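So the chains spell out like this:
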Amino acid sequence: MYDVLIIGSGPGGYVAAIRAGQYGLKVGVVEKHSLLGGVCLHVGCIPTKTLLHSADVYGEFLHPEEHGISCDGVKVDWSKVQARKDKIVLKHAKGIEFLFRKYKVEAITGYGRLKAKGRVEVESKDGGKREIEAKNIILATGSEARMLPGLTPDPERILTNIEILKLPGIPKSLAIIGAGAVGVEFASIYRRFGSEVTILEMLPRAVPLEDEEISVELQRAFRKQSITIHTGARVERVEKQADGVTIEFRDAAGAAQRLAAEKVLVAVGRKPNTENVGLENTAIKTDRGFIPVDQWMATVEPGVYAIGDIVAASPQLAHVASMEGLVAVGCIAGKPVRPVNYRRIPNCTYCEPQVASAGLTEAQAKAQGLEVKIGKFNFLANAKASILGGHAGFVKVVAEARYGEILGVHIIGPSATELIAEAVAAMESEATVETILQTIHAHPTLSEAMGDAFNAVYGLSVNA
């Protein structure tokens, strides 16, 4: 019998398993695929960011004249770009296998379903079934791409995050339905590799979960890159053609529009993988497919926990799943652990320019009746940004007016996804604006923009 049995080996499942092993618990992980790592490692975060970096490098070689460098005959070898991506994914999958061996975590290949109390049925690829007993079970089954009604993914024309990562070549034109993180990241990848990219977003702005000023700046940057964005666009029909796809949609004014492209990426969100995992054998009732949990990630079924993309009201982010896994295992092992504070989660989007945020937007803070002060600093005045040639964007701080509590930080610009860590650490330690004012930022660095933005809350930014 296992102390902990985890269904799913994504960033929630494998992190939980390793921590349980570190605590000396007997741990098993059921994974339906032959390699560990889940969606994030194999068809999500890691391969996507690898392609983004390759696009960054290609962009530098295309326009190096400002640096006094001349490059002739620059071209993309797409097969090598894809091979590098696959090599990195395999390396880290093997790394998880190594860590499982190190911490005595048993990997069990098969499809796992909850059965009777404390029991999980594992079905192998050949149809064979066996039952495994465990004192505690953690569901970490993740999510999959949502599709528009009537559409089915295929490797030729209608793509999700899975199919688009396996394209044999760079499409001449790409339509993207959805301007969330997935949509804008793939727009950045394929536009820089030469595709004509058009984004259709049903909501009034791109990256709609971010602060409104971030959305405006990103849309401005995309227009400069010749990425077309239609916001307030409602897709009515997608048809496959012999040489591509056609999309019929209504624009923000309600006018009928028609778009032709070689391929279309559907990036309209993700749905939780909670069907066919045996919930009917428990007391668990889902909310639109998501599983309600308490602050320790425990479900209403004794001994059963849920983490990651399947959790109700939890952001579908890999690092959130990992922390939820640590909380669940800490609770099981009786170790000191704090519940996840969902107001202090970094949201990172790796498009160009990058977007990152933590905490409340300005609109959210005001909607809660808080009196706020805003500090904003543009990367245009940051020396390191000038050195890097990354002038687009800014750092925006949302602070409580009276006591200087840091309510939210929002960044668009170079290395935003790295810079946001300072804001998260400050918020987690309950630092105030004054704390950051007294924090010395090395010169010249991009992090100085953070210091200037916090100074700007009180109108004291030196470089603005």
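Here's what I pulled together on the structure shown here.

Cut-offs applied
Residues numbered from 1 in each chain as written. Predicted model: local features only at pLDDT ≥ 70, side-chain atom pairs only at ≥ 80, totals over all residues. Heavy atoms only, no water. Buried < 20%, exposed > 50% of the residue type's maximum accessible area, 1.4 Å probe, protein only. Helix = DSSP H or I, 4+ residues; strand = E, 2+ residues; numbered from the N terminus. Pairing = 2+ DSSP bridges. 1 Å grid on protein atoms, 1.4 Å probe; cavity = no way out; pocket = protein on both sides within 12 Å on 5 of 7 lines; lining within 4 Å. Points joined across faces, edges and corners; volume = space filled by probe spheres on them. Nonpolar A, V, L, I, M, F, W, Y, C, P; charged D, E, K, R; others polar. Phe/Tyr/Trp six-rings, centres within 6.5 Å; stacked < 30°, edge-to-face > 60°. Lys NZ or Arg CZ within 6 Å of the ring centre and 35° of its normal. Core = buried A, V, L, I, M, F, W, Y, C linked by side-chain atoms within 4.5 Å. Contact = heavy atoms within 4.5 Å. Axes fitted to C-alpha atoms, helices over the stretch in contact; angles between N-to-C directions. Salt bridge = Lys/Arg side-chain N within 4 Å of Asp/Glu carboxyl O.

Counting buried positions along strand β13 (residues 244-250) gives five out of seven residues, so the element sits mostly inside the fold. Across seven bridges, the pairing between strand β12 (residues 234-241) and β13 is antiparallel. What sits directly across from arginine 234, in β13, is arginine 250. Between β12 and β13, which pair antiparallel one after the other, the connecting turn spans two residues. In this sheet, strand β14 (residues 256-261) lies alongside β13 in antiparallel orientation, the contact comprising six bridges. For phenylalanine 249, the partnering residue across the bridge sits in β14 and is glutamine 257. Remark: five residues form the turn of the hairpin made by β13 and β14, two consecutive strands paired antiparallel; glycine 254 in that turn has positive phi of roughly 90°.

Here the focus is the layout of surface pockets. Each pocket or cavity is described by its volume, and for the second largest pocket that value is around 1,200 Å³. Asp56, Glu60, Arg192, Glu352 and Leu388 are, among the 30 residues lining the second largest pocket, the residues nearest its centre. Within the residue set of the lining of the second largest pocket, elements represented by two or more residues are α3 (45-62), α5 (181-192) and α10 (416-428). Considered class by class, the residues forming the lining of the second largest pocket number nine nonpolar, twelve polar and nine charged.

Under the definition given, this model contains four aromatic pairs. Ring geometry for tryptophan 78 against tyrosine 190: centres 5.9 Å apart, planes inclined by 50°, an arrangement best described as tilted. Residue tryptophan 78 is found in helix α4 (residues 78-102), and its partner tyrosine 190 is found in helix α5; the two are separated by 112 residues along the sequence. A centroid spacing of 5.3 Å and a plane angle of 85° characterise the contact between tryptophan 78 and phenylalanine 193, whose relative ring orientation is edge-to-face. With tryptophan 78 in helix α4 and phenylalanine 193 in the loop between α5 and β10 (196-201), this pair connects stretches of sequence that are 115 residues apart. Here phenylalanine 193 falls in the buried class, since its relative accessible area comes to 7%. An aromatic cluster of at least three residues, connected via ring pairs, comprises Tyr58, Trp78, Phe186, Tyr190 and Phe193. Note that lysine 26 overlies the ring of tyrosine 2, its terminal NZ or CZ placed 5.2 Å from the centroid.

This paragraph deals with empty space enclosed by the protein. Over the atoms a probe the size of a water molecule is rolled, and this reveals where empty space is left. Applying the stated rule across the entire model yields one cavity of 30 Å³ or more. Within this model, the largest cavity holds a volume of roughly 50 Å³. Broken down by class, the residue content of the lining of the largest cavity amounts to four nonpolar, three polar and four charged.

The buried fraction of strand β19 (residues 354-359) is high, at five of six residues. One ladder, built from three bridges, connects strand β18 (residues 347-349) with β19; its direction is antiparallel. Paired with cysteine 348 across the bridge in β19 is alanine 356. The loop that links β18 with its antiparallel partner β19 comprises four residues. For β19 and strand β22 (residues 406-413), the ladder comprises six bridges, and the chain directions are antiparallel. The partner of alanine 358 across the bridge, within β22, is valine 409.

Further remarks concern the nonpolar core. Grouped burial of nonpolar side chains is what soluble globular proteins tend to show. Membership of the largest hydrophobic core comes to 50 residues, with the highest contact counts inside it found for Leu5, Ile6, Phe100, Leu114, Ile138 and Leu139. Contacts of phenylalanine 100, omitting those with residues within four sequence positions, involve Tyr14, Ala17, Ile18, Val29, Leu36, Val105 and Ala107. Within the second largest apolar cluster, 34 residues are counted, among which are Leu174, Val184, Phe193 and Phe394.

Strand order in the open sheet formed by five strands is β8-β15-β9-β10-β11, and the pairing between neighbours is parallel. Strands at the two margins of the open sheet, each flanked by one partner only, are β8 (158-159) and β11 (228-231). Across two bridges, β8 lies against strand β15 (residues 263-266) in parallel orientation. Residue pairing in the sheet places isoleucine 158 in a bridge with valine 264 of β15. Along the sheet, α5 contacts β9 (173-177), β10 and β15; its crossing angle with β10, the most-contacted strand, is approximately 170°.

Here the focus is the pattern of salt bridges. All told, the structure shown has 26 salt bridges when counted by the stated rule. Residue arginine 192 pairs with aspartate 56 through a salt bridge whose shortest N-O separation is 2.1 Å. Remark: aspartate 56 occurs in helix α3 and arginine 192 occurs in helix α5; sequence separation between them is 136 residues. On the basis of relative accessibility, which here comes to 32%, the residue aspartate 56 falls in the partly exposed class. Residues aspartate 154 and lysine 240 are paired through a salt bridge, measuring 3.3 Å at the closest nitrogen-oxygen approach. Here lysine 240 lies in strand β12 and aspartate 154 lies in the loop between β7 (143-145) and β8, a separation of 86 residues in the sequence. With a relative accessible area of 11%, aspartate 154 lands in the buried category. What emerges from the salt-bridge pattern is a single network uniting Asp211, Glu213, Glu362, Lys366, Lys376 and Lys396.

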